[in-house]
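# Summary of structural features
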Amino acid sequence: MPAKRAAKSKPAPRGASKSKDKIRIFDTTLRDGEQSPGCAMDRFQKVQLGLQLEKLGVDIIEAGFPIASNDEFEAVRDVAKAVKKSTVAGLSRSAREDIDRCWEAVRHAKKPRIHTFIATSDIHLKYKLKMNRAELLKEVAASVRHARKLCKDVEWSAEDATRSDWDFLAESVKIAIAEGATTINLPDTVGYTVPTEFRQFWENIFEKIPAYEGVVFSAHCHNDLGLAIANSIVAVECGVRQVECTINGIGERAGNASLEEFVMALHTRRDILDFKSGVKSKEIYPTSRLLTSMTGVPVQQNKAIVGKNAFAHEAGIHQHGVISKAITYEIMTPQSVGRPSNTLVLGKHSGRAGLRQRYEQLGFKMNREAISAIYLRFIELADRKKEIYDEDLIALLQENRAGAGESYYELDALQVTSSTGTKPGSMATVHLREGEEVQTKVGKGNGPVDAVLDAINLIVGNRSRLVDFSVNSVTQGRDALAEVNLLVEFEDGAQMAGHSTSLDTVEAAAKAFVAAVNKYKLTQEMKKKAPKSRKGKKPPEGLRGV
Ligand code: KIV
Ligand code: ZN
């Protein structure tokens, strides 16, 4: 381990933060993250994840884009009502109608924030906004002024800041501050900048703009060139005191800066990065798993911090080193990010108290009812699987939580026959429960999963297309739980993700598919209930492009 070194680039005391080394973590998983394909969440899931983000210790939770749809509005409002410690932000464009709608949704929060943005680059001005620079400056002033009349905490973002003219950008920032913006966010919207340039970019901003009491500067980096974390670190070295990021790095295109990577970089390299965040690192892994189980979008195996292999040592020489002293190849411990050890923990003779205690040791506080709800599933699993690992317990818990929203259909039973060299290759009989009623259909397909999905479609009357399908084993061995994540596209183009685990891969696939169907049905129901004026309202122009 190198001797403790002084920070090379001295962090400037900018952003008027009281404790100069505290970095505010602004989590945008529920907004920018949710914009990535398959990551849509319903309002129950948003609240659940919002509460977990609060437990994780993030300072600001961006809950969504309220003007986008009625569902989105309600989701932001529900998160605002549920979360007590973190600030809850909503995003809005610069139009007064957007800002009002945003305020309507976040005003229920204990600590509400309006986050309003407009693009400042010439490219966006010319081709998207069709405005000149003078018009844009007026719009900045009017939007921030309007937002400040409603809320004392206003964040202003200059979309595509890194491709904007630096002098013009500084002029816009000055106007936003003069009108009362309390946070200035300068995003690298298209993930274009590189660390050397980003350092000059911030140095230039801080040279032109004096430190204002009560104004925090923020970075929001996309990962198109794989540089989002490097750029975020450069930004804090220059004096930025808020970093915007998402769990698992999900987000538009290649994603946003990943929260876990940024936080653990600060934590692990505190010898040269003299900053702290309020994130409780042990909550990182449970949060990542919760997000995966809700969206059904898996994390790549070699993803830093939360990927399956992030702490796995394959090469003999590495294994030997880690066994004799972990520090040889481990720069942080799996426990420090809340990853369970792969040790055998419980079996079918374990009681409720043992199960509860183990969950507590893993950081999940559960009351009696919650334990009772999961205990039967635990025993069922223990009956079928000899060894139960911590990972299995987490999968069980998340399976339970992911299904906690409203469900229409439930898999009652299935039978499959498969053979090679015949047409169709597989036939499946599926029994699906809807309340008291159980419907049965026979489906056929090229393989067992195809046949099962065909039977489910016949029961629910959908014509859908499987866009993505993946299976992973939760632990090792032939009796490991299979984890299925899939993405389904329905007739109207809506895409829903599904997630499930089971000892039987085909059963996991069936349950994951049913979960996606349930999500779709729920969304349809919510749309029907939506007030007429907003029913079927299309997301505003340019909404998906942020
Ligand atoms: O990437 C971006 O520019 C954004 C802003 C709306 C903050 O997401
Ligand atoms: Zn973004």
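All figures in this text were calculated on a predicted structure; none of them were measured in a lab.

Not every one of the 12 residues close to ligand 1 is listed here, only the nearest: R31, D32, T189, H220 and H222. With respect to ligand 1, the side chain of R31 contributes an N or O atom lying 2.9 Å from an oxygen atom. At 3.1 Å, a side-chain N or O of D32 approaches an oxygen atom of ligand 1. Of all the secondary-structure elements, those providing two or more residues to the shell around ligand 1 are β4 (112-119), β5 (154-159) and β6 (183-188). Class assignment of the residues belonging to the shell around ligand 1 gives a composition of three nonpolar, six polar and three charged.

Below, the discussion takes up the pairing of strand β12 (residues 426-434). Relative to β12, strand β11 (residues 410-418) is paired through eight bridges, and the arrangement is antiparallel. Paired with E410 across the strands is R433, a residue of β12. From the end of β12 to the start of strand β13 (residues 437-445), which pair antiparallel, there are two residues, and G435 there has a positive phi angle of about 65°.

Here the focus is the nonpolar core. Ranked by size, the top nonpolar core spans 87 residues in total, and within it W156, I184, L186, W202 and F217 carry the most contacts. The element contributing the most residues to this core is helix α8 (residues 228-238), with seven residues. Of all hydrophobic cores here, the second largest spans 30 residues; its members include L411, L432, A455 and I456.

Before going further, it helps to examine the sheet that holds strand β14 (residues 465-473). Strands sit in the order β14-β15-β16 across an open sheet of three strands; the sheet is antiparallel. Looking at the sheet topology across the chains shown, the edges are occupied by β14 and β16 (495-502). For this sheet the average axis-to-axis angle between neighbouring strands, irrespective of direction, equals 15°. Two elements, strand β15 (residues 482-489) and β16, share eight bridges in a ladder whose sense is antiparallel. Within the sheet, the bridge partner assigned to N485 lies in β16 and is H499. Across the sheet, helix α10 (residues 284-295) touches β15 and β16, and the angle it forms with β16 is around 115°.

Strand order in the closed barrel formed by eight strands is β1-β2-β3-β4-β5-β6-β7-β8, with parallel pairing between adjacent strands. Going from strand to strand, the sheet's axes swing by 25° on average, the running direction of each strand aside. Across three bridges, the pairing between β5 and β6 is parallel. Bridge pairing in β6 places E155 opposite T183. Where helix α7 (residues 195-208) meets the sheet, its contacts fall on β6 and β7 (216-221), and the angle it forms with β7 comes to roughly 155°.

Calculation notes
Residues numbered from 1 in each chain as written. Chains lettered and ligands numbered in written order. Predicted model: local features only at pLDDT ≥ 70, side-chain atom pairs only at ≥ 80, totals over all residues. Heavy atoms only, no water. Near = heavy atom within 4 Å. Polar contact = N/O pair within 3.5 Å; in protein donor to acceptor, adjacent residues only side chain to side chain. Helix = DSSP H or I, 4+ residues; strand = E, 2+ residues; numbered from the N terminus. Nonpolar A, V, L, I, M, F, W, Y, C, P; charged D, E, K, R; others polar. Pairing = 2+ DSSP bridges. Core = buried A, V, L, I, M, F, W, Y, C linked by side-chain atoms within 4.5 Å. Buried < 20%, exposed > 50% of the residue type's maximum accessible area, 1.4 Å probe, protein only. Axes fitted to C-alpha atoms, helices over the stretch in contact; angles between N-to-C directions. Contact = heavy atoms within 4.5 Å.

Functional significance is not addressed by these values, which are geometric in nature.
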